[in-house]
Amino acid sequence: MPIENVSGTGADVALIGAGVMGEAVLVSLIDAVGAERIRISDGRAEHGAAVAQRHGVRWCATNTEAVDGVGAVVIAVKPKDVGALATEIDGVLDAAALVVSIAAGIPTAYLESRLGGTNPVVRVMPNTPATIGHGVSVLSAGTSATADHLDRTEQLLAGTGTVLRVDEAYQDVVTGISGSGPAYVFYLIDALAEAGVLGGLSRDVALDLARATVAGSGAMALASGEHPAILRERVSSPAGTTVAGVRELDERGVRAAVIAAVDAARARSVELGRDLP
Ligand SMILES: NC(=O)c1ccc[n+]([C@@H]2O[C@H](COP(=O)([O-])OP(=O)(O)OC[C@H]3O[C@@H](n4cnc5c(N)ncnc54)[C@H](OP(=O)(O)O)[C@@H]3O)[C@@H](O)[C@H]2O)c1
């Protein structure tokens with residue numbers, strides 16, 4: 001059932017930036033409010049118009065046309081483009097319209113100041129599995145966004161997968177875990193497959209094994225709700241093969257490397273939010 005109203009102002013929703021993540025969010029927006037209430041704009045006119053046609057939503061040649069009279073706008077451009085975009089739409093966007101930004105590292109305070117300080121702003125960190133409805137989107141409220149604005153944002157993004165909420169102070173570490181995390185998991189799949197090829201399997205079979213193992217283990221971790229250490233212990237029989245493999249991971253510092261990778265991504269997210277024009 002489409003949600004009736006997104007912010008108490010206009011009924012329509014605008015999406016600015018129809019790239020990889022923007023299109024994933026678009027699918028969720030269509031689920032939430034219906035294609036007839038959605039408008040999109042994008043820096044690449046031909047690409048944006050094709051996305052609009054593919055999903056049956058209204059294409060707008062300018063960002064100001066897209067946001068004029070809407071109840072909510074989702075900003076899905078690159079972080080470096082957010083400031084200029086906010087300045088461009090300020091004045092046309094209704095002062096009470098909900099602003100949802102998925103730009104990595106961009107604080108709500110930055111958007112609030114660029115938009116004259118009146119709009120409720122919700123910052124979101126999605127991840128790429130959102131493109132198949134299996135992502136995690138993490139929401140944080142800006143200073144004037146209420147619980148109701150968070151609820152409406154959650155409804156708009158429900159089609160991307162799981163939706164969680166954290167205080168904005170934690171968005172940088174969230175970026176390091178779930179925002180960048182799919183890349184670490186794809187890296188693991190690639191490494192598992194490489195080991196299969198080393199062991200004599202064809203690359204296709206090795207990749208099938210690696211993909212299915214990671215997908216099945218992730219699904220099991222979710223479905224069981226058990227701590228991952230318990231699940232690992234259950235497949236590690238005394239003097240068996242798995243415990244021998246896990247010892248190698250420990251000796252090579254893989255756990256510490258994962259923690260360092262998340263921390264490096266967190267630090268980069270902090271930098272992105274600091275070096276704004
Ligand atoms: N991809 C991820 O894994 C991921 C995860 C979490 C969050 N995010 C965030 O999602 C946002 C989008 O990422 P993406 O990977 O979807 O990027 P993308 O594929 O490059 O898409 C961004 C789109 O926005 C358009 N654009 C740029 N400036 C614009 C403007 N002023 N007005 C209208 N359209 C404009 C771009 O067009 P041009 O090419 O003409 O500039 C491009 O089509 C980023 O802020 C990123 O931090 C991404």
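The rules behind these values
Residues numbered from 1 in each chain as written. Predicted model: local features only at pLDDT ≥ 70, side-chain atom pairs only at ≥ 80, totals over all residues. Heavy atoms only, no water. Axes fitted to C-alpha atoms, helices over the stretch in contact; angles between N-to-C directions. Helix = DSSP H or I, 4+ residues; strand = E, 2+ residues; numbered from the N terminus. Parallel < 35°, antiparallel > 145°, perpendicular 65-115°, else oblique. Contact = heavy atoms within 4.5 Å. Nonpolar A, V, L, I, M, F, W, Y, C, P; charged D, E, K, R; others polar. UniProt positions renumbered as here; feature names shortened; annotations may be inferred. Polar contact = N/O pair within 3.5 Å; in protein donor to acceptor, adjacent residues only side chain to side chain. Buried < 20%, exposed > 50% of the residue type's maximum accessible area, 1.4 Å probe, protein only. Pairing = 2+ DSSP bridges. Right-handed = clockwise from strand over helix to strand, strands pointing away.

**Details of the packing of helix H1 (residues 20-33) against helix H6 (residues 147-157)**
To characterise two packed helices, one gives the angle between the axes of the helices and the distance between these axes.
Turning to step 1, where the next piece is worked out: Close contact between H1 and H6 brings their axes to 6 Å; oriented N to C, the two are set at 110 degrees. Of the possible angle classes, the one that applies to H1 and H6 is roughly perpendicular. Residues Val-25, Ser-28, Leu-29, Ala-32 and Val-33 of H1 form the contact with H6, whose own contacting residues are Gln-155, Leu-156 and Leu-157.
Turning to step 2, where the next piece is worked out: Across the contact of H1 with H6, the residue classes tally to six nonpolar, two polar and no charged.

**Remarks on the UniProt feature "domain: Pyrroline-5-carboxylate reductase dimerisation" (unreviewed entry) in the chain**
Turning to step 1, where the next piece is worked out: Under the local residue numbering, the UniProt record ascribes the feature "domain: Pyrroline-5-carboxylate reductase dimerisation" (unreviewed entry) to residues 168-272.
Turning to step 2, where the next piece is worked out: Strand forms 0% of residues 168-272 and helix 82%; the C-alpha atoms that close the span are 15 Å apart.

**Thoughts on the side chain of Glu-23**
Turning to step 1, where the next piece is worked out: You can see Glu-23 is positioned in helix H1.
Turning to step 2, where the next piece is worked out: There is a polar contact of 2.8 Å between the side chain of Glu-23 and the side chain of His-55.
Turning to step 3, where the next piece is worked out: If sequence neighbours within four positions are ignored, Glu-23 has contacts with Ala-18, Val-51, Arg-54 and His-55.

**Some details on the pairing of strand E7 (residues 135-141)**
Taken residue by residue, a regular strand's side chains alternate between the two faces of the sheet.
Turning to step 1, where the next piece is worked out: Most of E7 is tucked away, with five of its seven residues classed as buried.
Turning to step 2, where the next piece is worked out: Here strand E6 (residues 121-125) pairs with E7 via four bridges, running antiparallel. Bridging from a neighbouring strand, Val-124 pairs with Leu-139 of E7.
Turning to step 3, where the next piece is worked out: Where the polypeptide runs from E7 across H6 and back to strand E8 (residues 161-165), its parallel neighbour, the crossover connection is right-handed.

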